Amino acid sequence: MSCLARATPAVRAEAAANARAQTGARRRMCQPGSAHAALGGAPAGVAGARGRGASRGRLDFPSPECNAPLPAPRSRRGNPAVSTRNGATAPQADAVGQDAYNKAMAEYSKTPFEYRHELGLYYHFILPNLIVGTQPQTREDIDRLKDVEGVTCMFDTQQDKDKDYWKVDAGAIRDQMNKRGVLHVRQPFVDFNADSLRVGLPKAVAQMDKVLREGHVVYCHCTAGMGRSPGVAIGYLYWCLNFDSLDQAYDFLTSKRPCGPKKESIRAATVDMLRAREGALPDDIWDSQDPEGAAIDEYERWDIVTKLRRSLGDDPMTCVLSPLGQAKKMLGFELTADDCMPEH
């Protein structure tokens, strides 16, 4: 039995084949000046799923269509999401500020994607229990994510100044999360800063691995859901699931959500993790060049996972609990090996 969630060989083969095909497609189709790619919603075949790991359900790789308008977010049931906000409660976006933000994002990420604050939530299921999306702006956004998508953990990578910039009432959002029993995890990064992503990634991935092992359905967000939050999600996929390479994990996520997190930061953070002292997160950064860190074997992956989990005081051999095991843990019953998810 493995304590790492594992993607089946068929899923990994599909991921590799689709990644190769779509890399060329993105280069041809996503030219500067395009609108958002038309991707939305949960992966096909995983409606209502709660299991952990890329092997849950059929994983599709829709082709980006970068000249299509930004679609409404999709629910777990595959229906277009209708924003619950109204003119009285919705934060108002400043057009000048939004243009400046999108210009900075384009210069940083070298992608054509833009953030449209006035459209509200825009998110995609990466795994059945991991969603990446834009910042929640109102109490109603928290209600929607809780009631429609089953979110139990809000994984927040924004700094306070980011919320202030968009006039989001962070206190009201926190209050609503408390009322609805949604765990709030904060791992802030500096926006448009590759070094911040690199340095903060180990701690963030350690925390994401923990909440997913605890059985949460996680909504991971930054401001636009284009850089920091997908960067953390890719780090989790690469380090904690058995993708063969960083490219494969990166293409797996970006085939589901159009975005451009800094791949080089994730590669460099991988090197930092491998060179960190035993059982600890990095306390320094190391000079390295691609392709070092661009692929890891099973021994190196286990070394990284061990460091991540021990940094939080957890036993690295702790298994991923099944739904029944999670219920027994909540009720205080003794757990056995039968309460773990089977190895894939």
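Not measured: the values here are computed from a predicted model.

Engineer: Any chance you could break down the pairing of strand β1 (residues 123-127) for me, citing the residues and the numbers?
Structural biologist: Burial within β1 is extensive, with 5 of its 5 residues counted as buried. Pairing of β1 with strand β2 (residues 130-133), which is carried by 4 bridges, proceeds in the antiparallel orientation. Each bridged residue has a counterpart across the sheet, and for Y123 the counterpart in β2 is G133. Here β1 folds back onto β2 in antiparallel fashion, the turn holding 2 residues.

Engineer: Kindly report on the side chain of T111, identifying the contributing residues and their values.
Structural biologist: Tracing the backbone through its elements, the reader meets T111 in the loop between α2 (95-109) and β1. Separated by 2.8 Å, the side chains of T111 and S109 make a polar contact. Excluding residues that lie within four positions of it along the chain, T111 makes contacts with A106 and G260.

Engineer: Account for helix α9 (residues 263-275), naming residues and giving values.
Structural biologist: Spanning 13 residues, α9 covers 19 Å between terminal C-alpha atoms, matching the ideal 18 Å at 1.5 Å per step. Buried residues belonging to α9 abut α6 (194-213), α7 (228-240), α8 (246-254) and α10 (298-310).

Engineer: Please give an account of the confidence of the model for the protein that cites residues and values.
Structural biologist: When pLDDT drops low, the exact placement of atoms in the prediction is not to be read closely. On average, residues of the protein carry a pLDDT of 77, and 70% of them reach 70 or more. Note that residues 21-89 has pLDDT below 50 and, in this model, 169 contacts with residues that lie over four places away or in other chains.

Engineer: Please set out the side chain of K307 residue by residue, giving values where relevant.
Structural biologist: Summarising the element assignment, K307 is placed in helix α10. In terms of polar contacts, K307 uses its side chain to reach the backbone carbonyl oxygen of A276, at 2.9 Å. Apart from residues lying up to four places away in sequence, K307 is in contact with M273, L274, R275, A276, R277, E278, G279, A280 and L281.

Engineer: Just give me the short version of a nonpolar patch on the surface, but keep the residues and values in it.
Structural biologist: There is a patch of nonpolar side chains on the surface, built from M330, L331 and F333 and spanning about 420 Å² of accessible area. Mapped onto the elements of the fold, F333 is located in the segment after α11 (323-331).

Engineer: Give a description of the state of the cysteines that names residues and reports values.
Structural biologist: By the definition in use, this model includes 0 disulfides. C220 provides the cysteine sulfur closest to C222, a residue in no disulfide bond, and the two sulfurs are 7.4 Å apart. Lacking any disulfide linkage, C259 is separated from the closest cysteine sulfur, that of C222, by 8.9 Å.

Engineer: Could you give an account of the packing of α8 against α9, naming the residues involved and the relevant values?
Structural biologist: α9 packs onto α8 with a crossing angle of 140 degrees between their chain directions and a minimal axis gap of 11 Å. In terms of orientation, α8 and α9 fall into the oblique class. α8 and α9 meet at a crossing whose hand is right-handed. Here α8 contributes L246, D247 and Y250 to the contact with α9, which in turn contributes K263, I266 and R267. A per-class count over the contact of α8 with α9 returns 3 nonpolar, no polar and 3 charged.

Engineer: Describe in detail α10, supporting the description with residues and values.
Structural biologist: Across its 13 residues, α10 extends 18 Å between first and last C-alpha, which sits within 8% of the 18 Å expected from 1.5 Å per residue. Turning to α10, its buried residues number three or more, namely R301, I304, V305, T306, K307, L308 and R309. The N-cap of α10, judged by a side-chain oxygen 3.1 Å from the amide nitrogen of Y299 a few residues on, is D297.

Engineer: Explain the packing of aromatic side chains to me, and be specific about the residues and the numbers.
Structural biologist: Evaluation of the coordinates by the stated rule reveals 8 aromatic pairs. Taking the centre distance of 5.9 Å and the plane angle of 80 degrees together, the rings of Y123 and Y219 count as edge-to-face. Remark: Y219 occurs in strand β5 (residues 218-221) and Y123 occurs in strand β1; sequence separation between them is 96 residues. Each member of the pair, Y123 as well as Y219, carries the same accessibility label: buried. Ring centres of F243 and F252 lie 5.1 Å apart, and the angle between their planes is 55 degrees; this geometry places the pair in the tilted category. For the residue pair F243 and F252, the accessibility class agrees, reading buried in each case. Through a chain of ring-to-ring contacts, three or more aromatic side chains come together here, namely Y101, Y108, Y115, Y165, W166 and F192. Cation over ring: K256 sits above F252, and NZ or CZ is 5.0 Å from the ring centre.

About the thresholds
- Residues numbered from 1 in each chain as written.
- Predicted model: local features only at pLDDT ≥ 70, side-chain atom pairs only at ≥ 80, totals over all residues.
- Heavy atoms only, no water.
- Buried < 20%, exposed > 50% of the residue type's maximum accessible area, 1.4 Å probe, protein only.
- Helix = DSSP H or I, 4+ residues; strand = E, 2+ residues; numbered from the N terminus.
- Pairing = 2+ DSSP bridges.
- Polar contact = N/O pair within 3.5 Å; in protein donor to acceptor, adjacent residues only side chain to side chain.
- Contact = heavy atoms within 4.5 Å.
- Expected span 1.5 Å × (residues − 1).
- pLDDT = per-residue confidence, 0-100.
- Patch = residues over 30% accessible without salt bridge, like charges linked within 9 Å, V, L, I, M, F, W, Y side chains within 5 Å.
- Areas by Shrake-Rupley, 256 points an atom, 1.4 Å probe, with all protein chains shown as cover.
- Salt bridge = Lys/Arg side-chain N within 4 Å of Asp/Glu carboxyl O.
- Disulfide = S-S within 2.5 Å.
- Axes fitted to C-alpha atoms, helices over the stretch in contact; angles between N-to-C directions.
- Parallel < 35°, antiparallel > 145°, perpendicular 65-115°, else oblique.
- Left-handed = near helix turned anticlockwise from the far one by under 90°.
- Nonpolar A, V, L, I, M, F, W, Y, C, P; charged D, E, K, R; others polar.
- Phe/Tyr/Trp six-rings, centres within 6.5 Å; stacked < 30°, edge-to-face > 60°.
- Lys NZ or Arg CZ within 6 Å of the ring centre and 35° of its normal.

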